[in-house]
Amino acid sequence: MLSLCYNSVPAILEALSFFRVENLEIHPTEFEHIIRAYISNEIVVAEECPQEGMQKKTRKSFFWGHDHDFGSFKLSGRMGTRHVWMLSRFFDHFGLDRTSLAGKHVLDVGCWTGGVSLVLQQLGAHVWAIDDTRRYIPLDFMIKSFGLQRLNARHISLYKIHEHFEPDHFDIIFCLGVIYHLSDPVVALRRLYNALKPGGLLCIESMSIANSDPLCEYEGPSRLGGNWLVPSPKALAQLLEDTGFEVLGVGNGLIPFQVTQEGDPMGPNRCFAMGKKIPGHMILWRGLSIEID
Ligand SMILES: C[S@@+](CC[C@H](N)C(=O)[O-])C[C@H]1O[C@@H](n2cnc3c(N)ncnc32)[C@H](O)[C@@H]1O
């Protein structure tokens, strides 16, 4: 029977182990105090609603993202340890070479408190971590507190990356747990396409539906979780192809076009995909919601 492989997990945990209080550049007591002030919402980071008027604001509270052991104290996050399992799936099952990350320009889209970004910077990559939710960026405070030189965190929406980064800039983009939160995955993928270097890699992780046809389930953001469209693995592959990617792999890591099952550390109904930018791919303009090349 096929089984998942976790060869890279020790290296990922080793990378995370740097983020312990003994490596802080500020006093550990002050660090913990400020982190706890974020968590208890004593430090309030106001959200910006892009347009006032008819757009509903999101919740104001801040929640920590990924579990973290700082040595003298630990945090449990809403995202648990998925940062570890996601990276391991790409390294151990999709052929992403973790030893070649040094010096690479990497974008982590929808970073939340940055579990993935922290690992990638420790593996030697130059990382931009972005999120469209402002309050999820105490990662900036982590960066300063640990004196990180290769990690930057900003409040930037995926839809606006072309306003902040040159085209063809990134070697690798991670878009993990984000695509089903978007109203327009086609435009989003094309933005990521344009931001990647020719031949650059896009790593996606998504909530998915266990269906062998290219379908998207409409959830609607009024349901808990704020999701729009949840793609089947085939739909995800098709989305990648239509926006200019050669699909290098889609599935749960073991079986192509299958979603994760109960017992997978990622939980059930998740799907991974890796695409490679095909330079010069023309996108069909008809039906696009904005002008985008
Ligand atoms: C489910 S969390 C995933 C966090 C992390 N990437 C992970 O996989 O554990 C989704 C994140 O995507 C962010 N997000 C949603 N829409 C976005 C957009 N248009 N641009 C950037 N980030 C976005 C959310 O604010 C949230 O932090």
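The structure we're discussing is the one just above.
So, a few notes on the structure that sits alongside this text. (Residues numbered from 1 in each chain as written. Predicted model: local features only at pLDDT ≥ 70, side-chain atom pairs only at ≥ 80, totals over all residues.)

1. A look at the overall build of the chain
Link 1 in the chain: Scanning the chain for helices and strands turns up seven helices and eleven strands.
Link 2 in the chain: In terms of C-alpha radius of gyration, the chain reaches 19 Å, essentially the compact-globule figure of 19 Å for 293 residues.
Link 3 in the chain: Taking the principal axes of the C-alpha coordinates as reference, the chain spans close to 55 × 55 × 35 Å.
Link 4 in the chain: Classification of the 293 residues of the chain by burial places 42% in the buried group.
Link 5 in the chain: Nonlocal contacts in the chain, meaning residues at least 24 apart in sequence, comprise 64% of its contacts between residues at least 6 apart. (Helix = DSSP H or I, 4+ residues; strand = E, 2+ residues; numbered from the N terminus. Rg over C-alpha atoms; globule rule 2.2 N^0.38 Å. Buried ≥ 20, exposed ≤ 12 C-beta atoms within 10 Å, placed from the backbone. Contact = placed C-beta atoms within 7 Å.)

2. As for the sheet that holds strand β5 (residues 151-155)
Link 1 in the chain: Here we have seven strands laid out as an open sheet, ordered β5-β4-β3-β6-β7-β11-β10, and mixed in their pairing. Since the sheet does not close on itself, it has two edges, and those belong to β5 and β10 (245-251), each with one partner. The average undirected angle you get between the axes of adjacent strands in this sheet is 15 degrees. (Pairing = 2+ DSSP bridges. Axes fitted to C-alpha atoms, helices over the stretch in contact; angles between N-to-C directions.)

3. Looking at the nonpolar core
Link 1 in the chain: In terms of nonpolar packing, the biggest core is built from 72 residues, with Ile 173, Cys 175 and Leu 202 touching the most fellow members.
Link 2 in the chain: When sequence neighbours within four positions are dropped, the list of residues in contact with Ile 173 reads Leu 107, Val 109, Leu 192, Ala 195, Leu 196 and Leu 202. (Core = buried A, V, L, I, M, F, W, Y, C linked by C-beta atoms within 7 Å.)

4. Here we look at the site of the ligand
Link 1 in the chain: Close to the ligand lie 20 residues, the nearest being Gly 110, Thr 133, Leu 158, Leu 176 and Gly 177.
Link 2 in the chain: Mapped onto the shell around the ligand, the elements with two or more residues apiece are α3 (82-93) and β4 (126-131).
Link 3 in the chain: By residue class, the composition of the shell around the ligand is eleven nonpolar, six polar and three charged. (Near = placed C-beta within 6 Å. Nonpolar A, V, L, I, M, F, W, Y, C, P; charged D, E, K, R; others polar.)

5. Quick look at the packing of helix α1 (residues 9-16) against α3
Link 1 in the chain: Where α1 meets α3, the closest approach of the two axes is 9 Å, and the angle between their N-to-C directions is 135 degrees. In this view, α1 runs oblique relative to α3, as classed from their interaxial angle. By crossing handedness, the relation of α1 to α3 is classed as right-handed. Contact with α1, carried on its side by Val 9, Ile 12 and Leu 13, involves Val 84, Leu 87 and Ser 88 of α3 and no other residues of that element.
Link 2 in the chain: Of the residues that constitute the contact of α1 with α3, the class distribution is five nonpolar, one polar and no charged. (Parallel < 35°, antiparallel > 145°, perpendicular 65-115°, else oblique. Left-handed = near helix turned anticlockwise from the far one by under 90°.)

6. Brief notes about the environment of His 162
Link 1 in the chain: Among the structural elements, His 162 can be located in the loop between β5 and β6 (170-176).
Link 2 in the chain: Measuring from C-alpha to C-alpha, the distance between His 162 and Gly 114 comes to 21 Å, with 48 residues separating the pair along the chain.
Link 3 in the chain: Those residues in contact with His 162 that sit more than four places away from it in its chain are Arg 191 and Asn 194.

7. Some thoughts on unusual backbone geometry
Link 1 in the chain: Even without being a glycine, Trp 112 presents a positive backbone phi close to 50 degrees.
Link 2 in the chain: Located in the positive-phi region is Phe 257, a residue other than glycine, with phi close to 65 degrees.
Link 3 in the chain: Relative to the assigned elements, Phe 257 resides in the loop between β10 and β11 (270-277).

8. Remarks on the pairing of β6
Link 1 in the chain: For β6, the tally of buried residues reaches six of seven residues, placing the bulk of the element in the interior.
Link 2 in the chain: Pairing geometry for strand β3 (residues 105-109) and β6, over four bridges, is parallel. By the bridge assignment for β6, Val 109 is matched with Cys 175.
Link 3 in the chain: Bridge count for β6 against strand β7 (residues 196-207) is six bridges, and the pairing is parallel. Along β7, the bridge assignment pairs Cys 175 with Ile 204.

9. Comments concerning helix α6 (residues 185-195)
Link 1 in the chain: In terms of burial, α6 is largely enclosed, as nine of its eleven residues are buried.
Link 2 in the chain: Burial in α6 covers these residues: Pro 185, Ala 188, Leu 189, Arg 190, Arg 191, Leu 192, Tyr 193, Asn 194 and Ala 195.

10. A few points about the packing of α1 against helix α4 (residues 115-122)
Link 1 in the chain: α4 packs onto α1 with a crossing angle of 95 degrees between their chain directions and a minimal axis gap of 8 Å. Here α1 is positioned roughly perpendicular relative to α4, judged by the angle of their axes. Here Ile 12, Ala 15 and Leu 16 of α1 lie close against α4, whose contacting residues are Leu 118, Val 119 and Gln 122.
Link 2 in the chain: Grouping the constituent residues of the contact of α1 with α4 by class yields five nonpolar, one polar and no charged.

11. Here's the deal with helix α7 (residues 233-242)
Link 1 in the chain: Looking at α7, one finds that the buried residues are Pro 233, Ala 235, Leu 236, Ala 237, Leu 239 and Leu 240.
Link 2 in the chain: On its buried face, α7 sits against α6, β7, β8 (216-218), β9 (229-231), β10 and β11.

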